[in-house]
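A closer look at the structure
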Amino acid sequence: MNEHQRKLEQLIEENRRLQRENKRLEEKLNAALDGTGLCLWEQHVPTGKLTIFNMEWGQMLGYSSQELEATVDIWKSKLHPDDYQKVVGALEDHLSGKTSSYQVIHRMLHKNGSHSWVSDRGRVVEFDSQGQPLRMMGTHIDITQEKRYELELAKLASSDPLTGVLNRAKLEQEFHALNQADAPQNAALIFIDLDDFKAVNDQLGHRSGDALLIQVARRLSEIAPDNTLVARMGGDEFVLLSHQTSWQTLNTFVETLLEWGKHAIPLENGVANIGFSIGVCQFTTPYTEFNLLYNLADQAMYQIKKQGKHGVAFVQAN
């Protein structure tokens, strides 16, 4: 074997060794990345072709590698419609040089009809001779469980734990947001107190009382006018915040509720005979004093209590 052949074989063997080491490193990287639910990708910008280094991103959405081709157009087709403009806009802003990186949290459509939450990050790593983006690299992380946990915490913080409607803190927050609108709006705060609720608790038990409150909350949500939020203040008191509604619409709502209250409501261990004392305080936005409106609606409701219950009183805030 001459010197030239010997060097050639050494080079071939060295190349094989490097390939084996590279394969082992890739296997270690894949194992580490797959364990975190992280997808490492590279995009060839001119063609839109995606190269996935450790796992098929389609697997996150319930697809096999044969079902979903790795291209930017296919990826775009799986973006949640409500997030599409935000995501594509963020990508285009980075490719045009408006931002130093691409970073966005969004939803993607799953094969089973649900959606998954992902965190996307990326950056252009190579430009062509004209300075145009040629190659981009980034990560695609499934954060569905974390996002659902976050949303559930937010829901718990803003809703009544028994009935699922809003709590007082969230209703006040929505009230102040409503008053940030530029154009004035007709609105109303509706205070509803259940008549004879204590008798239900005394005769049928607190479990039945809770079941009744759940039924009332559900009914209020069903028949409330559009652009109306339903909240439980505690006990047997509910308050609704309604905007862009006419007096006729509000009157139809309370008449429907009062008619429903004339009939016995079936429960597991009996029936509940209740009524509704209602105070409606109408106002025009912007109106910053929530407590003042609340007290006016509360006072109107108590006038109905004094007059024999199960009725409605309308007042106008100055």
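Residues numbered from 1 in each chain as written. Predicted model: local features only at pLDDT ≥ 70, side-chain atom pairs only at ≥ 80, totals over all residues. Heavy atoms only, no water.

- The name that an unreviewed UniProt entry assigns to the chain is PAS domain S-box-containing protein/diguanylate cyclase (GGDEF)-like protein, with the source organism given as Shewanella fodinae.

1. Considering the overall build of the chain
- Helix and strand content of the chain: nine helices and twelve strands.
- Looking at the 318 residues of the chain, the share that counts as buried comes to 42%.
- A separation of at least 24 residues holds for 59% of the contacts in the chain among residues at least 6 apart in sequence.
- When the accessible surface of the chain is summed, it comes to about 18100 Å², and 50% of that surface belongs to carbon and sulfur atoms. (Helix = DSSP H or I, 4+ residues; strand = E, 2+ residues; numbered from the N terminus. Buried < 20%, exposed > 50% of the residue type's maximum accessible area, 1.4 Å probe, protein only. Contact = heavy atoms within 4.5 Å. Areas by Shrake-Rupley, 256 points an atom, 1.4 Å probe, with all protein chains shown as cover.)

2. A short note on the environment of V104
- Position of V104 among the secondary structure elements: in strand 3 (residues 102-109).
- Residue V104 is classed as buried on the basis of its relative accessible area of 8%.
- In this structure the C-alpha to C-alpha distance between V104 and V118, which are 14 residues apart in sequence, comes to 8.4 Å.
- Residues in contact with V104, not counting those within four places in the same chain, are K86, V87, V118, S119 and D120.

3. Considering helix 9 (residues 290-306)
- With 17 residues, helix 9 extends 25 Å from end C-alpha to end C-alpha; this agrees with the ideal 24 Å at 1.5 Å per step.
- Phi turns positive, to about 120°, at G308, one or two residues after helix 9. (Expected span 1.5 Å × (residues − 1).)

4. Examining the packing of helix 7 (residues 206-223) against helix 8 (residues 247-261)
- Closest axis-to-axis distance for the helix 7/helix 8 pair is 10 Å, and the angle between their directions is 145°. In this structure, helix 7 meets helix 8 at a crossing whose hand is right-handed. On helix 8, the residues that touch Q215, V216, R219, L220 and I223 of helix 7 are F253, T256, L257 and W260.
- Counted by class, the contact of helix 7 with helix 8 contains six nonpolar, two polar and one charged residues. (Axes fitted to C-alpha atoms, helices over the stretch in contact; angles between N-to-C directions. Left-handed = near helix turned anticlockwise from the far one by under 90°. Nonpolar A, V, L, I, M, F, W, Y, C, P; charged D, E, K, R; others polar.)

5. Looking at unusual backbone geometry
- The residue after T285, namely P286, is reached through a cis peptide bond having omega 0°.
- With respect to the element layout, P286 can be found in the loop between strand 11 (275-284) and helix 9.
- Backbone geometry at K309 places phi at a positive 75°, although glycine is not the residue there.
- In this structure K309 comes out as partly exposed when scored by relative accessible area, which is 37%.
- Of note, the phi angle at H310 is positive, near 50°, even though the residue is not glycine.
- Position of H310 relative to the elements: it lies in the loop between helix 9 and strand 12 (311-316).

6. Some thoughts on the pairing of strand 7 (residues 228-234)
- The element strand 7 is extensively covered by neighbouring structure, given that five of its seven residues are classed as buried.
- Pairing between strand 7 and strand 8 (residues 237-243): six bridges, direction antiparallel. Bridging across to strand 8, V230 finds its partner in L240.
- Connecting the antiparallel pair strand 7 and strand 8 is a turn made up of two residues, with G235 showing a positive phi of about 55°. (Pairing = 2+ DSSP bridges.)

7. Focus on the sheet that holds strand 1 (residues 38-44)
- Pairing in this open sheet of five strands is antiparallel, and the strands run 2-1-5-4-3 from one edge to the other. Of all strands in the sheet, those bounded by a partner on one side alone are strand 2 (49-52) and strand 3. Within this sheet the neighbouring strands show an average axis-to-axis angle of 30°, counted without direction.
- Bridge analysis of strand 1 against strand 5 (residues 133-142) gives seven bridges, and the strand direction is antiparallel. What sits directly across from H44, in strand 5, is R135.
- Running over the sheet, helix 3 (residues 84-95) touches strand 3, strand 4 (115-127) and strand 5 and is turned about 150° from strand 3.
- Of the strands in this sheet, strand 4 and strand 5 touch helix 4 (residues 144-158), which is tilted by about 125° from strand 4.

8. Here's the deal with the environment of M108
- The residue M108 is located in strand 3 in this model.
- Exposure remark for M108: the relative accessible area of 0% places this residue in the buried category.
- As for M108 and K76, which are separated by 32 residues in sequence, their C-alpha atoms are 9.1 Å apart.

9. Structural notes on empty space enclosed by the protein
- Counted by the stated rule, this structure contains one cavity of 30 Å³ or more.
- Computed from the structure, the largest cavity encloses a volume of approximately 140 Å³.
- Only strand 1, strand 2 and helix 2 (72-77) provide two or more residues apiece to the lining of the largest cavity.
- By residue number, the principal contributor to the lining of the largest cavity is strand 1, which donates three residues.
- A breakdown of the residues in the lining of the largest cavity according to their chemical character gives nine nonpolar, two polar and one charged. (1 Å grid on protein atoms, 1.4 Å probe; cavity = no way out; pocket = protein on both sides within 12 Å on 5 of 7 lines; lining within 4 Å. Points joined across faces, edges and corners; volume = space filled by probe spheres on them.)

10. A closer look at the nonpolar core
- Judged by nonpolar contacts, the single largest core of 31 residues is most densely connected at I192, L212, F253 and F276.
- Listing elements by their share of this core, those giving two or more residues are strand 6 (186-195), helix 6 (197-204), helix 7, strand 8, helix 8, strand 9 (265-267) and strand 11.
- Those residues in contact with I192 that lie beyond four places of it in its chain are L220, D236, E237, F238, L240, F253, L257, F276, S277 and I278.
- Of all hydrophobic cores here, the second largest spans 22 residues; its members include C39, L50, A70 and M108. (Core = buried A, V, L, I, M, F, W, Y, C linked by side-chain atoms within 4.5 Å.)

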